[in-house]
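Tertiary structure, described
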Amino acid sequence: MFARPLVLALAVGLLGNTALAADDISSTKHNLSTSGTGSIKLASAPGADTDKDQLCSFCHTPHFGDASVGVVLWNRSVNTSGYTMYSSSSIDMTIASQPQGVSLACLSCHDGTIAFDNLRNGPGAGDYNGNTWSRGWSWTSNVNKMSGSASANVGQDLSNDHPVSVTYDNTADTAFYSATAVTSAGLRLYGSGGNQVECGSCHNPHNNTYAPFLRINNQGSALCLTCHVK
Ligand code: HEC
Ligand code: HEC
Ligand code: HEC
Ligand code: HEC
């Protein structure tokens, strides 16, 4: 009796996955190395940091990652306070008092306060001292962090941005689809309960197939309508 819907659901899931292009961060603005294709990229890195064409190291490190951030092998400084969160009288779910996990990771560049080269462990050997620090590298664009006027700078005031660090709960507000429907459509919910909406719920930092770094095509607002019943 239950076999058919299960098979159908699996088939849809598989089709959904094969329709997604493989991640290719090197061709995106998230490649901040000398081989980057965006306008913000590394020009030169003095001292021991010789491996200037490494691109993962702006976010991850193979050793000495910051496990407290909740993103695999995280290599950057983050701000854990100072944010104004979204609020409105019609919010029914719980929004954390400060951003969490993946959102903190994104905001470590996108709030405009932390230098792109503020890393725990620079590329190459012998570059870790237990802290993050800004290495004073030079940038082709002459900026070492997101400039105040850039549209990619969301700032620390998140009250005018889509809520993040929200506990997804469609019993608190029935105008939402189930968490299972959301994740099987290709979006991501985070945290130990697998129910936190973060920047990475809508964006995939490794893939710009659906610009700007969206997890799925937002044509016809399909992204929004994956969660919202509207
Ligand atoms: C601009 C920042 C950034 C860069 C550069 C980056 N990543 Fe990530 N990566 C993230 C974030 C944020 C996550 C957390 C999960 C998510 O939202 O996709 C992540 C997650 C991952 C994961 C865990 C699996 C997953 O999808 O969650 C792996 C593996 C990974 N990255 C590998 C890499 C490799 C390899 C490179 C270099 C080729 C790289 N990343 C470059 C930000 C980055
Ligand atoms: C290491 C720094 C860094 C991290 C971490 C980072 N980004 Fe970015 N991101 C950038 C830079 C640099 C650009 C290009 C900005 C520009 O050209 O003005 C960019 C561009 C973008 C854009 C496209 C903006 C546009 O104008 O095309 C989006 C969307 C974005 N990032 C989302 C995210 C999200 C979501 C995360 C976390 C999952 C994240 N970023 C993590 C540095 C970062
Ligand atoms: C609910 C989904 C969702 C969440 C959560 C979300 N974004 Fe976005 N973001 C989008 C969409 C959709 C766009 C494209 C906007 C458009 O089409 O006008 C976008 C655009 C952007 C841009 C490009 C802005 C521009 O106009 O140049 C940046 C940068 C960005 N997001 C970063 C973030 C960061 C950082 C977070 C977490 C603090 C975040 N996003 C959370 C859906 C989301
Ligand atoms: C991953 C699921 C998800 C996606 C995708 C998503 N949202 Fe949301 N959205 C939420 C959640 C959860 C809330 C908080 C709802 C609550 O607490 O009542 C919310 C809140 C909002 C609010 C504020 C509602 C209020 O009462 O203040 C607006 C407006 C909104 N979303 C619009 C959008 C738009 C536009 C898009 C597409 C660009 C989008 N959302 C994509 C999950 C999502």
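The coordinates are above.
Residues numbered from 1 in each chain as written. Chains lettered and ligands numbered in written order. Predicted model: local features only at pLDDT ≥ 70, side-chain atom pairs only at ≥ 80, totals over all residues. Heavy atoms only, no water.

1. Observations regarding the overall build of the protein
When helices and strands are tallied, the protein shows five helices and seven strands. Buried residues in the protein amount to 35% of all 230 residues. Within the protein, counting contacts between residues at least 6 apart in sequence, those at least 24 apart form 61% of the total. Approximately 12600 Å² of the protein is accessible, and the part contributed by carbon and sulfur atoms is 57%. (Helix = DSSP H or I, 4+ residues; strand = E, 2+ residues; numbered from the N terminus. Buried < 20%, exposed > 50% of the residue type's maximum accessible area, 1.4 Å probe, protein only. Contact = heavy atoms within 4.5 Å. Areas by Shrake-Rupley, 256 points an atom, 1.4 Å probe, with all protein chains shown as cover.)

2. Remarks on the environment of G124
For G124, the position within the fold is in the loop between β3 (118-121) and β4 (128-134). Counting along the chain gives 73 residues from G124 to D51, while the straight-line C-alpha distance between them is 6.0 Å. In this view, G124 contacts D51 and Q54; residues no more than four positions away in its chain are not counted.

3. So, the coordination of the iron atom of ligand 1
Under perfect tetrahedral coordination by four donors, a metal shows angles of 109.5 degrees; under perfect octahedral coordination by six donors, it shows angles of 90 or 180 degrees. Donor atoms from the polypeptide that coordinate the iron atom of ligand 1 comprise H60 (NE2) and H206 (NE2), at 2.0 Å from the metal. Here the iron atom of ligand 1 is ringed by six donor atoms whose angles at the metal span 86 to 179°, and the overall shape comes out octahedral. In this pair, H60 sits in the loop between β1 (42-44) and β2 (94-95) while H206 sits in the loop between α4 (199-202) and α5 (224-227), placing the two residues 146 residues apart along the sequence. What makes H60 partly exposed here is its relative accessible area of 23%. You can call H206 partly exposed: its relative accessible area is 32%. (Donors = N, O, S within 2.8 Å, 3.2 Å for Na, K, Ca; no water. Tetrahedral: all angles 85-135°; square planar, octahedral: opposite > 155°, others 65-115°.)

4. Re unusual backbone geometry
In this chain, A211 is followed by P212 through a cis amide linkage whose omega measures -5°. A positive phi angle is found at L73, which is not glycine, with a value near 45°. Inspection of the secondary structure puts L73 in the loop between β1 and β2. According to the relative accessible area criterion, L73 is partly exposed, its value standing at 48%. Phi angles above zero are rare outside glycine, and F213 is one such case at about 55°. For F213, a relative accessible area of 11% translates into the label buried.

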